[in-house]
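If you want the building blocks of each chain, they are given just below.
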Amino acid sequence: MKTLHSFALAALSVAVLSACDKASEQKTQSTMNSTQSVTEQTQVNAPVAKKVPHKMTIHEDTRIDNYYWMRDDERKDPAVIAHLNAENTYTDAMLKHTETLQATLFEELKGRIQKDDDSVPTKSGEYYYSSQTRGDNEYPTYVRSTDATGSDQTVILDVNKLAEGHDYYSATGLSVSPNGNLLAYGEDTVSRRIYTILVKDLTTGELLKDKLEGTSGDIVWANDNKTFYYIKKDLQTLLGYQVYRHTLGSAQSEDELVYEEANTSYYTGLGKSKDKQEIYIWHGSTSASGVSVIDANNIKAQAKRLIEREENLEYDISKHGDWYYIVTNLNAVNFQLMKVHKDKAHDKTNWQTVIAPREDIKLEGIDLFANHLVYKEREMGQSRLTVRNLTSGDEQTLSFNDSSYMVHAYGNNELDNPSLRVYYASMTTPGTSYDIDLDSAEKTLLKQLKVVGDFNADNYASERLFITARDGVKVPVSLVYRKDKFKQDGTNPLLQYAYGSYGATMDPSFSSSRLSLLDRGFVFAIAHIRGSQMLGRPWYEDGKLLNKKNTFNDFVDVTKGLVKQQYGDENQMFAMGGSAGGLLMGAVANQAPELYQGMVAAVPFVDVVTTMLDASLPLTTNEYGEWGNPNDKVYYDYMLSYSPYDQVSKQAYPNMLVTTGLHDSQVQYFEPAKWVAKLREYKTDNNKLLFKIDMEAGHGGASGRFKSLQDTALNYAFLLDLAGIEK
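Structure report, in brief. (Residues numbered from 1 in each chain as written. Predicted model: local features only at pLDDT ≥ 70, side-chain atom pairs only at ≥ 80, totals over all residues. Heavy atoms only, no water.)

### Examining the sheet that holds strand S13 (residues 240–247)
The strands that make up a sheet are held in pairs by hydrogen bonds between backbone atoms, and each pair lies either parallel or antiparallel.
Stage number 1. Read across the sheet, seven strands follow the order S8-S9-S10-S11-S12-S13-S14 without closing on themselves; strand pairing throughout is antiparallel. The open sheet terminates on both sides in strands that have one partner only, identified here as strand S8 (170–176) and strand S14 (256–260). Averaged over all pairs of adjacent strands, the angle between their axes in this sheet comes to 35 degrees, without regard to strand direction.
Stage number 2. With four bridges connecting them, S13 and S14 associate as antiparallel partners. Along S14, the bridge assignment pairs valine 243 with tyrosine 259. (Pairing = 2+ DSSP bridges. Helix = DSSP H or I, 4+ residues; strand = E, 2+ residues; numbered from the N terminus. Axes fitted to C-alpha atoms, helices over the stretch in contact; angles between N-to-C directions.)

### Some remarks on the environment of lysine 50
Stage number 1. If you trace the backbone, lysine 50 turns up in the loop between helix H2 (25–42) and strand S1 (54–58).
Stage number 2. Residue lysine 50 is classed as partly exposed on the basis of its relative accessible area, which comes to 45%.
Stage number 3. Along the chain, lysine 50 and tryptophan 69 lie 19 residues apart, while their C-alpha atoms are 9.1 Å from each other. (Buried < 20%, exposed > 50% of the residue type's maximum accessible area, 1.4 Å probe, protein only.)

### Focus: helix H4 (residues 99–111)
Stage number 1. Taking 1.5 Å of rise per residue, 13 residues should cover 18 Å, and H4 covers 18 Å from first to last C-alpha, within 8% of that figure.
Stage number 2. In the core, the buried residues of H4 are packed alongside helix H6 (515–518) and helix H14 (707–722). (Expected span 1.5 Å × (residues − 1). Contact = heavy atoms within 4.5 Å.)

### Some details on the pattern of salt bridges
Stage number 1. Following the criterion strictly, the structure yields 41 salt bridges and no others.
Stage number 2. For aspartate 367, the salt bridge identified is with lysine 274, shortest N-O distance 2.9 Å. Of the two residues, aspartate 367 sits in strand S23 (residues 361–368) while lysine 274 sits in the loop between strand S15 (267–272) and strand S16 (278–284), which places them 93 residues apart along the sequence.
Stage number 3. A relative accessible area of 9% places aspartate 367 in the buried class.
Stage number 4. Linking lysine 674 and aspartate 607 is a salt bridge whose minimum nitrogen-to-oxygen distance equals 2.6 Å. Of this pair, lysine 674 sits in helix H13 (residues 670–682) while aspartate 607 is found in the loop between strand S36 (598–602) and helix H10 (608–612), placing the two residues 67 residues apart along the sequence.
Stage number 5. When its relative accessible area of 2% is taken as the criterion, aspartate 607 is described as buried. (Salt bridge = Lys/Arg side-chain N within 4 Å of Asp/Glu carboxyl O.)

### A short note on the nonpolar core
Stage number 1. Counting 118 residues, the largest nonpolar core has Leu84, Phe522, Phe555, Leu562, Tyr596, Trp627 and Trp675 as its most contacted members.
Stage number 2. Looking at this core, the element that brings in the most residues is H14, giving nine residues.
Stage number 3. In this structure leucine 562 touches Leu465, Ile467, Val477, Leu479, Leu494, Gln496, Ala525, Tyr567, Gly568 and Met573, once residues within four positions along its chain are discounted.
Stage number 4. By size, the runner-up hydrophobic cluster in this structure holds 16 residues, among which are Val291, Leu306, Leu330 and Met338. (Core = buried A, V, L, I, M, F, W, Y, C linked by side-chain atoms within 4.5 Å.)

### Remarks on the side chain of asparagine 88
Stage number 1. By secondary structure assignment, the location of asparagine 88 is in helix H3 (residues 78–94).
Stage number 2. Residue classification places asparagine 88 among the buried positions, given a relative accessible area of 9%.

### A look at the environment of arginine 144
Stage number 1. Within the element layout of this structure, arginine 144 appears in strand S6 (residues 141–145).
Stage number 2. Along the chain, arginine 144 and proline 121 lie 23 residues apart, while their C-alpha atoms are 8.0 Å from each other.
Stage number 3. Beyond its immediate chain neighbours, meaning those up to four positions away, arginine 144 contacts Tyr127, Tyr128, Tyr129, Asp152, Gln153, Thr154, Ile156, Val176, Gly180 and Leu202.
Stage number 4. At a separation of 2.8 Å, a polar atom in the side chain of arginine 144 contacts the main-chain carbonyl oxygen of glycine 180. (Polar contact = N/O pair within 3.5 Å; in protein donor to acceptor, adjacent residues only side chain to side chain.)

### What about unusual backbone geometry?
Stage number 1. Even without a glycine there, the phi angle at asparagine 331 is positive, about 55 degrees.
Stage number 2. Topologically, asparagine 331 is positioned in the loop between strand S20 (323–328) and strand S21 (336–341).
Stage number 3. What makes asparagine 331 exposed here is its relative accessible area of 71%.

### Observations concerning helix H12 (residues 633–642)
Stage number 1. Looking at H12, one finds that the buried residues are Tyr636, Tyr638, Met639, Leu640 and Tyr642.
Stage number 2. Looking at the packing, one finds that the buried side of H12 touches S1, strand S2 (61–65), helix H8 (549–564), helix H9 (580–591), H10 and helix H11 (624–627).

### What to know about the packing of aromatic side chains
Stage number 1. In total, this model carries 21 aromatic pairs according to the counting rule given.
Stage number 2. Note on phenylalanine 400 and tyrosine 434: the rings are 6.3 Å apart at their centroids and 45 degrees apart in plane angle, and the pair reads as tilted. Note that phenylalanine 400 is positioned in the loop between strand S26 (395–397) and strand S27 (406–409) and tyrosine 434 in strand S29 (residues 432–437), a separation of 34 residues in sequence. Residue phenylalanine 400 shares its accessibility class with tyrosine 434, and that shared class is buried.
Stage number 3. With a centroid separation of 6.2 Å and an interplanar angle of 35 degrees, the aromatic rings of phenylalanine 555 and tyrosine 596 are classed as tilted. Pair noted here: phenylalanine 555 is in helix H8 and tyrosine 596 is in the loop between H9 and S36, with a separation of 41 residues, a long-range link.
Stage number 4. Overall, phenylalanine 555 belongs to the buried group, its relative accessible area being 0%.
Stage number 5. These aromatic residues form a ring-pair network of at least three members: Trp221, Phe228, Tyr230 and Tyr244.
Stage number 6. Between the NZ or CZ atom of arginine 530 and the centre of the ring of tryptophan 539, over which it lies, the distance is 5.7 Å.
Stage number 7. When the ring centre of tyrosine 645 is taken as reference, the NZ or CZ atom of lysine 678 above it lies at 4.8 Å. (Phe/Tyr/Trp six-rings, centres within 6.5 Å; stacked < 30°, edge-to-face > 60°. Lys NZ or Arg CZ within 6 Å of the ring centre and 35° of its normal.)

### Quick word on the sheet that holds S29
Stage number 1. The antiparallel open sheet is built from four strands, whose spatial order is S27-S28-S29-S30. Edge positions in the sheet fall to S27 and strand S30 (443–448), since each of these pairs with one other strand and no more. Across the sheet, the mean angle from the axis of one strand to that of its neighbour is 25 degrees, orientation sign disregarded.
Stage number 2. The pairing of S29 with S30 spans five bridges and is classified as antiparallel. Considered in S30, the bridge of threonine 432 is made with glutamine 448.

And the structure:
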């Protein structure tokens, strides 16, 4: 089931989920004393970055960036590398007293994961595909069989073997040819999300000579079993903008360019219809989308636009026989479902309404089967799935036990499936896979994530509440806590998470790692602030462009509301966000630093104005629809007024842990590096300001299922230490 902003979410996603009154002088003094004690103990001084004024002038306004020198696109400058290493050394020293706690947390997190685990097989063509992890292996092994029981299971790709000798490894885009004999996949050993496509012969186990460099890793096969399509990236902007057709056995230089995206505000993606007859090139900007169609049976076919693209028109198609079902915002703020015969699709006047638009209900996506339509919608922040019989028109809305949850369809690759595969979770219910009979709606439990150890869901409780923001808007909040540790008397430490950009909705879901906080008395809250689509498309529109400050205000007001309702201790409120959520952390730290004892800002997008003025940086031009184009003065002025880096001022800031990856392709490492340097220059407190750089990783952090837990253990140890929890 596609989402209409999948391209934007891919650009700045987040890897990371799974996101009051002035703090007292006593809290501040306590923190100062603690920090001074640790500093004296470690005798390590915070790195002080040199200042090299760099003048930037636009709209008759001049900014001086003293830390612009930290940008090194090659990531080889000795001065830059030395500074980053010094930051790591300082962070390690300042957190040395937490090493035992970090080790304890890591073993806890790792100990909850079932070492030998298998995913639920999904059918595609003649085979059932799944992945398995074994023992202490960091990566999955992909397997297939001819039946759902796995009686004749064979390995098609062992990522552990491929990752040997690499500090970082990622395999993506696994795509099997229609006849099942060949596997194409992309690999990245740097974490810049630039993939090399390789092709494996599944009958012999050998790699073919084909090797395609500089790609996005997306692969779609034509139906002749020897031709496939892929996306090539601009190596400067990292934008995937060219679609090529490759014939096995030929050199990459001979590949045919079938589409080139001229508009740099659009992302490019690839897909294939469920009946395997059409290949799609998806076009998506922040505020518009579209599709070009290629005949999968004709290796000479050219891409044809379904309709000409229009600003602010979004649509997504699913093929059913000779008809297209279209999820679109055409005359529908919260989207509607339409259909049209494929021969008449080019004219929107031929599109017929199937599910009419509703003011308070957002249509989020569909899945089609031979005789059924499944559609996902969201009302008052809660998503739901409804199954419609295409012959009778009868409908059944699927029901689940929790009052607040996340649910989505996945792995429904075949039109003739008799059942719908769904993934379900809540903040207290581990991830669960069901097959749901399309006629009877009867559920068959396939698997529930096993949490190793003494986990008992009955020990935890989740709530959903609304907190009124300063402009009167009610902001949804999902929270979870351990029952025997929670008193709602204002004594619990509370971690508040949010994202709030690109329309990304962070549904309440389960995290086994989070239990380490809950079991130590923390309350965890997700603030569903404006900028997401939790309350429909208007909720997103009210948190982007010239409304962006609503996102930050909502977060601050939720914090105040949670303190007022005594969900958290006003002296032990913590905040966390990553990527665009890291921008949120920076803006909130500037606006209301007194509310938070500590913050974790992961891969934070904090130098908004400078980045959005530089079209050579990855993802800049694609993001104009989200943030605005600062070459236009009205957006420049507004952006400048909240840009975390530009708005750093001489004031006290919370304790902060900032993380990044040297090879981050989404938010460049130098944004948080400059931000930390400027914070050190300006802040008037003695609170901790720590900067941790993974010198091998990118936007998603470390690769591997266990290695990445070390990052989580570090974040949690930082928070627990500030909360005075030592074990």
